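# Architecture and fold: a report
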Amino acid sequence: MNPSERRRDHISVCVCTYRRNEMLERLLRNLARQRTEGLFEYSVVVVDNDATGHAQDKVARLQAELQLDIAYDIEPERTIPAARNHALRLARGNLIGIIDDDEFPPPEWLLRMYEAVRTFDVDGALGPVVPFYPDGTPRWLVKSGICELPSHDTGALLHWSQTKTGNVLLKKDVFDAHGLSFDSTFRTGGSDQDFFRRAAGKGYRFVAVREAPVYEAVPPARWTRSYWVRRALVNGYNAERYAAATQGILRRTWLCVRSAFAGVIWFAALPACACAGPHRLVLCMERASYHLSRTLATFGVQLWDKRDF
């Protein structure tokens with residue numbers, strides 16, 4: 001591809017938000033500072049998942065102040081896939097960036113992602129999500145490492161099970177060529193990995209880009225052990241629902257037995273973990289809650305049905 005063709009590339013950065021205006025403002029200010037080196041243009045799509053339009057005035061003010069090309073709309077159905085699909089409908093670029101409203105990128109983020117897609121001739125790139133701890137974050141939370149996510153070497157081809165949408169750049173054709181979108185039945189999580197599974201099944205390839213991190217804020221709402229327990233309960237339930245949609249009965253039975261056994265082990269370890277310190281205890285509670293939730297989900301029992309993370 002010659003330079004004149006590259007300049008025609010346009011990235012639509014899609015952001016779904018729900019009542020996190022301060023974080024959204026930080027994200028938009030950082031998006032306004034993205035470097036392009038003349039290789040592409042970019043714009044931003046903000047979909048407000050609050051039917052009242054909670055972020056509308058904030059976005060309008062920042063659009064004028066930052067001179068940032070922003071398309072804003074409201075998705076009244078409060079689910080993650082509905083908001084993501086709404087953003088895709090508004091996107092006009094031939095490349096789609098996806099970033100969460102509680103994250104913020106360095107100035108070279110889009111450039112590094114764009115270069116990776118072109119250099120490795122793939123259909124998308126995924127960068128690491130690095131926790132950002134504000135002043136006052138409890139030491140036990142940082143020490144636990146529970147906020148850390150896996151990262152991979154640049155250029156490594158990713159299996160769909162290694163994917164998430166917190167830091168992504170994709171060719172629009174990945175969605176358009178086969179009518180792919182985010183499955184609306186995954187209301188509280190899992191629609192991103194389900195999307196990548198289906199995309200990989202169509203032959204699309206995605207690589208990791210270690211040099212293109214984004215930073216995820218760890219706000220005070222996440223500084224309690226109960227938060228991580230609730231999160232694990234939601235994730236455990238979603239993991240079983242995902243398995244139910246993709247695995248056979250024998251595989252699901254094995255996964256259920258394994259989770260039940262793991263849950264017993266983790267619950268039995270709680271006293272020892274409590275003695276080892278709060279950083280060990282939160283990890284033990286999180287694992288125990290996840291496996292309990294996943295086991296009970298096999299029988300249709302949902303312990304927590306609200307996503308507050």
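Figured I'd write up the structure that's included with this text. (Residues numbered from 1 in each chain as written. Predicted model: local features only at pLDDT ≥ 70, side-chain atom pairs only at ≥ 80, totals over all residues. Heavy atoms only, no water.)

Along the chain, the regular secondary structure elements total 12 helices and 10 strands. A globule of 309 residues ought to have a C-alpha radius of gyration of about 19 Å, and the chain, at 20 Å, matches this closely. Taken over the C-alpha atoms alone, the chain extends approximately 60 × 45 × 40 Å along its principal axes. Considering the chain as a whole, with its 309 residues, one finds that 50% of them fall into the buried category. Only carbon and sulfur atoms are counted for the fraction: they give 53% of the accessible area of the chain, which is about 14,500 Å². The positive charge centre, built from 41 side chains, and the negative charge centre, built from 36, are 6 Å apart in the chain. (Helix = DSSP H or I, 4+ residues; strand = E, 2+ residues; numbered from the N terminus. Rg over C-alpha atoms; globule rule 2.2 N^0.38 Å. Buried < 20%, exposed > 50% of the residue type's maximum accessible area, 1.4 Å probe, protein only. Areas by Shrake-Rupley, 256 points an atom, 1.4 Å probe, with all protein chains shown as cover. Lys, Arg positive; Asp, Glu negative; His and termini not counted. Charge placed at Lys NZ, Arg CZ, Asp CG, Glu CD.)

Okay, the pattern of salt bridges next. Summed over all chains, the structure comprises 22 salt bridges. Of the charged contacts in the structure, one is a salt bridge between Arg19 and Asp50, with a shortest N-O distance of 2.6 Å. One end of the pair, Arg19, is in the loop between β1 (10-17) and α2 (21-31); the other, Asp50, is in the loop between β2 (41-48) and α3 (56-66), and 31 residues separate them in sequence. Its relative accessible area of 6% is what places Asp50 among the buried residues. Where Arg198 meets Asp194, a salt bridge forms, and the shortest distance between an N and an O atom there is 3.0 Å. On the criterion of helical spacing, the pair formed by Arg198 and Asp194 is a turn pair, its members being 4 residues apart in helix α8 (residues 191-201). Given the relative accessible area of 25%, Arg198 is considered partly exposed. When its relative accessible area of 3% is taken as the criterion, Asp194 is described as buried. (Salt bridge = Lys/Arg side-chain N within 4 Å of Asp/Glu carboxyl O.)

Right, let's talk about the sheet that holds strand β10 (residues 214-217) for a bit. Taken together, the 3 strands give an open sheet; going across it, the order is β5-β10-β7, and neighbouring strands pair in mixed fashion. The open sheet is flanked by β5 (103-104) and β7 (129-132), the only strands paired with a single partner. Both β5 and β10 contribute to a ladder of 2 bridges, which runs antiparallel. Note that in β10 the partner of Phe104 across the bridge is Tyr215. (Pairing = 2+ DSSP bridges.)

Attention shifts here to the environment of Pro134. Turning to its location among the elements, Pro134 is positioned in the loop between β7 and α6 (139-144). Judged by relative accessible area, which is 29%, Pro134 ranks as partly exposed. Along the sequence, Pro134 and Arg187 sit 53 residues apart, while their C-alpha atoms lie 30 Å from each other.

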